[in-house]
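# A closer look at the structure
Here is what each chain is made of, one letter per residue.
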Amino acid sequence: MRVVTTAQPLDVQPTPLALLLLGREADPKSERGVECPGDLPSPSDPNLVARARAAKEKLGDKVFILGHHYQRDEVIEFADVTGDSFKLAKDAAARPEAEYIVFCGVHFMAESADILTSDDQKVVLPDLAAGCSMADMATAEQVAECWDVLTEAGVADVTVPVSYMNSSADIKAFTGKHGGTICTSSNAKKALEWAFEQGEKVLFLPDQHLGRNTAVRDMGMSLDDCVLYNPHKPNGGLTAEQLRNAKMILWRGHCSVHGRFSVDSVNDVRARIPGVNVLVHPECKHEVVAAADYVGSTEYIIKALEAAPAGSKWAIGTELNLVRRLANRFAAEDKEVVFLDKTVCFCSTMNRIDLPHLVWTLESLAEGTLVNRIQVDEETESFAKLALERMLALP
């Protein structure tokens, strides 16, 4: 017999996290979910390119547009310089005459630019919701709790934090405050060598793969020298003995784009394209890096393809916008460039910066309206800058 009941409304209150994920609340301290006020032009507006050019021309030398390698082509077209996050932040600092620095990248990159530029310059992010999932994986509160765990284990005094450039200003400030340095994917080995001259252990934030690959592949450590700290488990999921025995304490963070590549991807592309060179970013998993022919940063990848002989074949394991741009660029030189994985893999947050957002930003600035300014508070900036300056002083 079928029994029919009348559904009663459930007295369930959504959690703050649920509201944030649903887009019904904003968290200004997070890399995600913040509001982007203003009416954007329609993506179908055929005049977007002309409007962007006109607004940029009106602003003249007052604006300097930075375009990260992972940006869409429609945005890169208007960039004054392109590069990785640290190169772009340095380029911004080298243009003190520019009143507005429009950073076509993600939130932590704009923070770094604000830290390195003068107080008179204003850093703008076209879409405030352009965050970074990796940077989100390490919050100031979680890292402070981790340091307490290291202190209780008796190893904090001999541990030096090294934070990847892909981290929030708060994490950079923590690093500077505790005697550590920042690194990029290009100089991670130098940063770790420096850190081990200062202490016995390294707390590497927030990308576990770059930390592991640098320690094992570049510095000759073993995988047993590395432990993984999980901020969602009591004591990071580690015992005091494990912390005392470890050389590298890796934060449980990763890049959602580079983490998709697998050894199967490498084997598949080798089977499909005989003689292919596999070149991957060090944010990829350790087993992928071990299976590749070459490993390096975005700048390294570009230079490697520039130096490659005509007729060579390359499978690239990094973000698809860059790979596609390189494939088009080098096709004329008879160099075959393909994406390492069969699955399309854009950086979804980086792709939030599109032409409508850029047009809205430039037109607003041209009209004298400052929008989406990224400004790091004075104390955070002070300690974060200290960590960045330590990196700049590396040999």
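## Regarding the packing of helix 8 (residues 169–177) against helix 17 (residues 378–392)
In the contact formed by helix 8 and helix 17, the axes pass within 7 Å of each other and the chain directions differ by 65°. When the interaxial angle is binned, helix 8 and helix 17 end up roughly perpendicular. Relative to helix 17, the crossing made by helix 8 is left-handed. Within the contact between the two elements, helix 8 uses Ala-169, Asp-170, Lys-172, Ala-173, Thr-175, Gly-176 and Lys-177 and helix 17 uses Glu-379, Thr-380, Phe-383, Ala-384, Leu-386, Ala-387 and Arg-390. Residues that form the contact of helix 8 with helix 17 fall into these classes: six nonpolar, three polar and five charged.

## Here's the deal with the sheet that holds strand 6 (residues 181–183)
Pairing in this open sheet of five strands is parallel, and the strands run 6-5-7-9-8 from one edge to the other. One side of each edge strand has no neighbouring strand; the edge strands of this open sheet are strand 6 and strand 8 (226–229). With strand direction ignored, the average angle separating the axes of adjacent strands in the sheet is 25°. The sheet contact formed by strand 7 (residues 201–205) and strand 9 (residues 248–251) spans three bridges and is parallel. In the sheet register, Val-202 faces strand 9, and the bridge partner there is Met-248. On top of the sheet, helix 9 (residues 188–198) reaches strand 5 (159–164), strand 6, strand 7 and strand 9; it is set at about 165° to strand 5, its chief contact.

## Considering the state of the cysteines
In this structure the tally under the stated criterion is zero disulfides. The cysteine Cys-226 is free of any disulfide, with Cys-183 supplying the nearest cysteine sulfur at 14 Å. Free of any disulfide, Cys-347 has its nearest neighbouring cysteine sulfur in Cys-255, separated by 6.6 Å.

## Section: unusual backbone geometry
The residue after Leu-205, namely Pro-206, is reached through a cis peptide bond having omega -20°. Relative to the helices and strands, Pro-206 is located in the loop between strand 7 and helix 10 (208–218). Positive phi, normally seen in glycine, also occurs at Asn-235, with a value near 55°. By the element assignment, Asn-235 lies in the loop between strand 8 and helix 11 (240–245). Despite not being glycine, Asn-372 has its phi angle at roughly 50°, a positive value. Mapped onto the elements of the fold, Asn-372 is located in the loop between helix 16 (355–366) and strand 14 (373–374). A relative accessible area of 8% places Asn-372 in the buried class.

## Overview of the packing of helix 5 (residues 107–116) against helix 17
Following both chains from N to C, one finds helix 5 and helix 17 inclined at 90°, their axes separated by 10 Å at the closest point. With respect to helix 17, the axis of helix 5 lies roughly perpendicular. Two secondary-structure elements touch here, helix 5 through Asp-114, Ile-115 and Leu-116 and helix 17 through Glu-381, Ala-384, Lys-385 and Leu-388. Considered class by class, the residues forming the contact of helix 5 with helix 17 number four nonpolar, no polar and three charged.

Reading guide: rules and limits
- Residues numbered from 1 in each chain as written.
- Predicted model: local features only at pLDDT ≥ 70, side-chain atom pairs only at ≥ 80, totals over all residues.
- Heavy atoms only, no water.
- Axes fitted to C-alpha atoms, helices over the stretch in contact; angles between N-to-C directions.
- Helix = DSSP H or I, 4+ residues; strand = E, 2+ residues; numbered from the N terminus.
- Parallel < 35°, antiparallel > 145°, perpendicular 65-115°, else oblique.
- Left-handed = near helix turned anticlockwise from the far one by under 90°.
- Contact = heavy atoms within 4.5 Å.
- Nonpolar A, V, L, I, M, F, W, Y, C, P; charged D, E, K, R; others polar.
- Pairing = 2+ DSSP bridges.
- Disulfide = S-S within 2.5 Å.
- Buried < 20%, exposed > 50% of the residue type's maximum accessible area, 1.4 Å probe, protein only.

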